[in-house]
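Summary of structural features
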Amino acid sequence: MKKKRYQWQIGGILLTAAVILGGLYYYGIFARQGGRPAVYSVILYQNTNDEWATFVEGTEQAEEDLDIDINYVYLARDDTAQEQAAAVRREIQEGSSGILLAPIDTEEVKKIMESMYFTVPVLCVETGAGDSFPVLRTDDRAMGKAMGEAILEDMDSSGDQRRVIILTEYMERDSVRLRYEGLRDALEKSKDSVLIEERARPHEDFGLGHFIKSVFYDDAPPYLAALDKYMTEQAAAAWTGYRQENENEEFSCRIYGIGNTARTVNELDNENIAALMYQNEFNMGYQGITYLTQKNREKWLKNNTAVGYRIVTKESLYEDENERLLFSNT
Amino acid sequence: MNYLKNKWNKLRTYINRRELQFMLSVSFTLVALVGMVFIGAFLYQSYGRAAEEMMFNDNRQLINQVEINLNNYLRNMMRISDAMYYNVIKQVDMKTDDISQELDLLYEVNKDSLVSVACFSEDGELISAAPVGSVKKNVDITEQSWFANARDKMENLHFSELHVQNIFENSNGRYYWVVSLSRGVELTTEGKMSGGILLVDMNFSGIRQIFTEINSRGLGYVYLVNSEGEIIYHPKQNLIFSNMLKENNKIASQYDDGVYEESFQGEDRTVIVKTVGYTGWKIVSVTPKKELLQDFSSTKLMAVIIVILAVTLMVFANQFVAVRIAKPLKKLENSLQGIGVDQQPDIYMGGSVEIQHLGETIRSMVDQLQSLTDDIVREQEEKRKSELDALQSQINPHFLYNTLDSIMWMIESERYEDAVAMVNSLGKLLRISLSKGKNIITVGDELQHARSYLDIQKYRYKNKFTSFFDIEEGIEKYRTIKLIIQPLLENAIYYGMEYMDGEGEIHIRAYTSGDELFIEVEDNGLGMPQEQVERLLTENSETRSKGSGIGLKNVHQRIRLYFGTEYGLEITSEPDEKTIVRIHLPKTEEITPEEGGNRS
């Protein structure tokens, strides 16, 4: 009886050892191959296909460095805050480990998201969604102010009419509103007064291109300020169209825009835009994902971390720093 | 120091007290553990060195592979430039001939790796380009670095830094990162020779492809710098361009070909440098130590877990082996504990051959010991018997003197018949006492001996007591040791009758019961208390030497020596009433010659 029990004990020990060795073998051989990386979500508003190209280069670099997967959700041009919030909810339900969000409308998104309970970190980029959510953005007010100062400098050197029309589309995004405030602040503080005018579409059915072209026809602005990538692209396109339609006209408009898309850069290179303000979107994308993973893993996040911005003109476009930030090499 | 010494001594004491099984198990485990640690440390070192060596070899192979691929790529670009120069430009007169078709053809054939091919005059005027394009309005070609380098050193091929191709009008919004290959060329215009610059813009994607493929393998990464330390390719180029990452490219560009250990931004790493021919570019392979260690540490963790598991198994295995070795010894030891207690201990004979042999030897020794002990016991018993028999056979001199004195007195007083009867009784008494040296006699003889004794004592005590014999018929034939009733009668007379006022009675009874035989001597004398009865037959009891001089104890011991401890005397007494002494014997008839003894 005693001998039998002893044999059972030995058998049990050997079986346990076999299970442990099997586990180690599985861990060593299969688990390393089979481990699925965490999935994070990037939800962006979008008006044109390459609007976030540089930003996405940054997130893709982070995806590679941090060994994670990223699921991209791009909203359609006419999507609303509700649809964006629904996308956030869906991503969380599908197991996202964190959300990087470019809100389409600050107040609307804030209202909806403040009523939601989040089990994963949510980080806004470029545009905020209220104080409850940290934002990774540039100093938009300073960028707007820098644009205003560049316009004033241009006015001072060229002696052109001191009149600026600001396109006030997409003001529902606080990034655009802050840029506007900074721009207006800089222009209003000029020693020599500047006539500041604002233009916005009377209704959304009015095509943006047609609307801007109508500004050229109706107001002949010497300076036009666009505060958003898409608006800048549209303004440059409208100006190109206007000039083609009015080849002999001496009227010249200098467009100051914000953007780093291939199209805005090309318009700058082709002198349809006088100067571009751009934020370092590669950094924004890379840091955004990095912060999300750190929040997830280390319960730490700096609120409202700022990324840098620069101003570029035709002359400085091929300087090393601008060349590296504005022209994708991937 | 004393503390340690005390601890060490305590440990030694503790170990010395433990069982063999524990000692074996611990010793095996310790020896195996030390061996494993040594082997593990050796393998760890060897594996570490081998892993590092392997990493170096892998990275060297990677770098060599990159160099081969890059050289092929660059040679291809140079061949394009050579073909354009020697097969086209040198063969035509720029005034009359158009080279655009040849340029287009060359571009079309190589457009996967080319962005543009163009020929400029020494003033920077575009002569021809493929794909067809015009130079941007505000661009001064002569200020481009690739143009200036080619103009200054006509004989060489020049590779520029990585830059965005920015000289041609670009309406489609597509910009290309290029490395410009430029060279000075001789142009013939209306028979006159003039200088010119041939530009081949290599698409950066070709270089990136070579490195991307390489960087997907092995540890660390590989990047490319020009001779000034400007990065041409880096797997994290955008991070570096965005100032989010630093690289030690400036220093690396100054390294000669070889392997270097460096510390950059707090990170120890191994750098292998290889120079690319024609260009002065350097391929730099970087392997951070922590990556190597990380890979190694996961292996180390695995090894540690396996070692722990092996040690655990080893402990059990050693326990098993120790049990197998120690258990037979333990069984043998346990079986030996029976020696001295058990006359025939069951010596364990299992286990290995050696232990079986040991068991057999011990068993043989125990048998011999037992035999010797038995012999000694037997001899001692015989000796004891002889002593007791000798004692028993002695006639109390007082008894003999008094008897003879009585006979003499009878003769003097002319009581001849009484004297004859007394002499007759004494004769019978002496005859049976001698019994030809036998110790075992019949119950009949023994009873006769008792009668003779009583007859003599009756004369001496003037019929102060009366004796009664109640003898079972046929009991005379059974055997008994001789002279066992007489001491009982002597005690009855001396202690029962002597101090009695009335007439004493002594009853002698002999009877059988089953296989047992009993002879009782009962007197109606003074009797004795129970405590005294209990002391009479014990070792420490005083021998009452009055009378025959041989106590009841001797009778008791003799019976036990001859017939076994279950036999002997039994005494019951009631003070002032009576005393019964019962002889308990086995009922046996035959008297073997051996039992007869040899006393004479």
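Just so it is clear, the structure is predicted and the values come from calculations on it, not from any experiment.

Cut-offs applied
- Residues numbered from 1 in each chain as written.
- Chains lettered and ligands numbered in written order.
- Predicted model: local features only at pLDDT ≥ 70, side-chain atom pairs only at ≥ 80, totals over all residues.
- Heavy atoms only, no water.
- Helix = DSSP H or I, 4+ residues; strand = E, 2+ residues; numbered from the N terminus.
- Rg over C-alpha atoms; globule rule 2.2 N^0.38 Å.
- Buried < 20%, exposed > 50% of the residue type's maximum accessible area, 1.4 Å probe, protein only.
- Areas by Shrake-Rupley, 256 points an atom, 1.4 Å probe, with all protein chains shown as cover.
- Lys, Arg positive; Asp, Glu negative; His and termini not counted.
- Charge placed at Lys NZ, Arg CZ, Asp CG, Glu CD.
- Pairing = 2+ DSSP bridges.
- Axes fitted to C-alpha atoms, helices over the stretch in contact; angles between N-to-C directions.
- Contact = heavy atoms within 4.5 Å.
- Salt bridge = Lys/Arg side-chain N within 4 Å of Asp/Glu carboxyl O.
- Buried area = accessible area lost by both parts, 1.4 Å probe.
- Polar contact = N/O pair within 3.5 Å; in protein donor to acceptor, adjacent residues only side chain to side chain.
- Nonpolar A, V, L, I, M, F, W, Y, C, P; charged D, E, K, R; others polar.
- Core = buried A, V, L, I, M, F, W, Y, C linked by side-chain atoms within 4.5 Å.
- Expected span 1.5 Å × (residues − 1).
- Domains from an automatic or database assignment.
- Phe/Tyr/Trp six-rings, centres within 6.5 Å; stacked < 30°, edge-to-face > 60°.
- Right-handed = clockwise from strand over helix to strand, strands pointing away.
- Parallel < 35°, antiparallel > 145°, perpendicular 65-115°, else oblique.
- Left-handed = near helix turned anticlockwise from the far one by under 90°.

Concerning the overall build of chain A
Tallying secondary structure elements over chain A gives 11 helices and 12 strands in all. Taking 2.2 N^0.38 as the reference for a compact globule, 330 residues should give roughly 20 Å; the C-alpha atoms of chain A span a radius of gyration of 26 Å, well beyond that estimate. Reported as C-alpha extents along the three principal axes, the dimensions of chain A are approximately 110 × 45 × 35 Å. Here chain A, with 330 residues, has 55% of them falling under the buried criterion. With an accessible surface of roughly 15,500 Å², chain A has 47% of that area assigned to carbon and sulfur atoms. Looking at charge distribution, chain A has the averaged site of its 36 positive side-chain charges lying 12 Å from that of its 56 negative ones.

As for the sheet that holds strand β17 (residues 578-586) of chain B
All names here are of chain B. Strand order in the open sheet formed by five strands is β12-β14-β15-β17-β16, with mixed pairing between adjacent strands. Taken across any chain shown, the strands that pair with only one partner, and hence form the sheet edges, are β12 (465-471) and β16 (568-574). The mean inter-strand angle of the sheet, taken between neighbouring strand axes irrespective of direction, is 15 degrees. One ladder, built from eight bridges, connects strand β14 (residues 504-513) with strand β15 (residues 516-523); its direction is antiparallel. In the sheet register, Thr 512 faces β15, and the bridge partner there is Leu 517. Sheet strands in contact with helix α12 (residues 443-460) are β12, β14 and β15, and its direction is about 170 degrees off that of β12. Here helix α15 (residues 552-563) sits on the sheet and contacts β16 and β17; the angle it forms with β16, its principal contact strand, is near 145 degrees.

Quick word on the pattern of salt bridges
Residue and element names in this part refer to chain A. Under the definition given, this model contains 42 salt bridges over all chains. Here Glu 197 and Arg 199 are joined by a salt bridge, their closest N and O atoms 2.6 Å apart. For Lys 229, the salt bridge goes to Glu 281, with nearest N and O atoms at 2.8 Å. Highlighted residues: Lys 229 in helix α8 (residues 229-245) and Glu 281 in helix α10 (residues 281-298), separated in sequence by 52 residues. Under the relative-accessibility criterion, Lys 229 is labelled buried at 3%. Judged by its relative accessible area of 2%, Glu 281 is buried.

Comments concerning the interface of chain A and chain B
In this assembly, 35 residues from chain A lie in contact with 33 residues from chain B. For the pair chain A and chain B, the summed buried surface comes to about 3,000 Å²; carbon and sulfur atoms form 58% of the total. On the surface where chain A and chain B come into contact, there are three salt bridges. In this structure, Asp269(A) and Lys136(B) form a salt bridge, with 2.5 Å as the shortest nitrogen-oxygen distance. Viewed at the interface, chain B and chain A are joined by 10 residue pairs in polar contact (both at pLDDT 80 or more). Of all elements in the fold, only α1 (2-34), α2 (53-66), α9 (262-269), α10 and α11 (320-326) of chain A reach the threshold of two or more residues within the side of chain A that touches chain B. Ranked by the residues each element gives to the side of chain A that touches chain B, the list is headed by α1(A), at 11 residues. For the side of chain A that touches chain B, the class distribution of residues is 16 nonpolar, 10 polar and nine charged.

Details of the nonpolar core
Counting residues in each nonpolar core, the largest one holds 106 residues, and the members touching the most others are Ile207(B) and Trp281(B). For this core, the element with the highest residue contribution is helix α2 (residues 20-88) of chain B, accounting for 14 residues.

Description of helix α7 (residues 208-219) of chain A
Residue and element names in this part refer to chain A. Spanning 12 residues, α7 covers 16 Å between terminal C-alpha atoms, matching the ideal 16 Å at 1.5 Å per step. Of all the residues in α7, the buried ones are Leu 208, Phe 211, Ile 212, Ser 214, Val 215, Phe 216 and Asp 219. Contacts made by the buried residues of α7 are with β6 (163-167), β7 (195-199), β8 (223-226), α8 and β9 (254-258). Directly after α7, the chain includes Ala 220, whose backbone phi takes a positive value near 40 degrees.

Overview of the domain arrangement of chain B
Each assigned domain of chain B is listed here: domain 1 (71-287) and domain 2 (394-586). Relative placement of domain 1 of chain B and domain 2 of chain B: their C-alpha centres are 146 Å apart.

Considering the packing of aromatic side chains
Throughout the structure, instances matching the rule amount to 26 aromatic pairs over all chains. Look at Tyr223(A) and Tyr256(A): their rings are 6.3 Å apart centre to centre, the planes differ by 45 degrees, and that puts the pair in the tilted class. Pair noted here: Tyr223(A) is in strand β8 and Tyr256(A) is in strand β9, with a separation of 33 residues, a long-range link. For Tyr223(A), a relative accessible area of 0% translates into the label buried. Ring centres of Tyr85(B) and Tyr86(B) lie 4.8 Å apart, and the angle between their planes is 45 degrees; on these two criteria the pair is classed as tilted. Residue class for Tyr85(B) comes out buried when judged on its relative accessible area of 7%.

Points about the pairing of strand β4 (residues 122-125) of chain A
Residues and elements named next belong to chain A. The side-chain alternation of β4 yields two buried faces, one formed by Val 122 and Cys 124 and the other by Leu 123 and Val 125. When strand β3 (residues 99-102) meets β4, the two strands line up parallel, connected through three bridges. Of the residues in β4, the one forming a bridge with Leu 100 is Leu 123. Note on the crossover from β3 through helix α4 (residues 106-114) to β4: the handedness is right-handed. Inspection of the sheet shows β4 paired to strand β5 (residues 135-138) by two bridges, in the parallel sense.

Focus: the environment of Ala32(B)
Note that Ala32(B) resides in helix α2. With 255 residues separating them along the chain, Ala32(B) and Thr287(B) place their C-alpha atoms 38 Å apart.

Re the packing of helix α10 (residues 397-412) of chain B against α12(B)
All names here are of chain B. Running from amino to carboxyl end, α10 crosses α12 at an angle of 60 degrees, the nearest separation of the two axes being 10 Å. The orientation of α10 with respect to α12, classified from their angle, is oblique. The handedness of the crossing between α10 and α12 comes out as left-handed. Together, Phe 399, Asn 402, Thr 403, Ser 406 and Met 410 of α10 and Tyr 453, Ile 456, Gln 457, Tyr 459 and Arg 460 of α12 make up the contact between the two elements. In terms of residue class, the contact of α10 with α12 is built from five nonpolar, four polar and one charged.

Description of unusual backbone geometry
With an omega dihedral of -5 degrees, the bond running from Ala130(B) to Pro131(B) counts as a cis peptide bond. Mapped onto the elements, Pro131(B) comes out in the loop between β2 (126-130) and α4 (145-152). A positive phi angle, near 55 degrees, is found at Tyr170(A), a position not held by glycine. Inspection of the secondary structure puts Tyr170(A) in the loop between β6 and α6 (174-188). Note on Tyr170(A): relative accessible area 13%, which makes it buried. A positive phi angle is found at Glu271(A), which is not glycine, with a value near 65 degrees.

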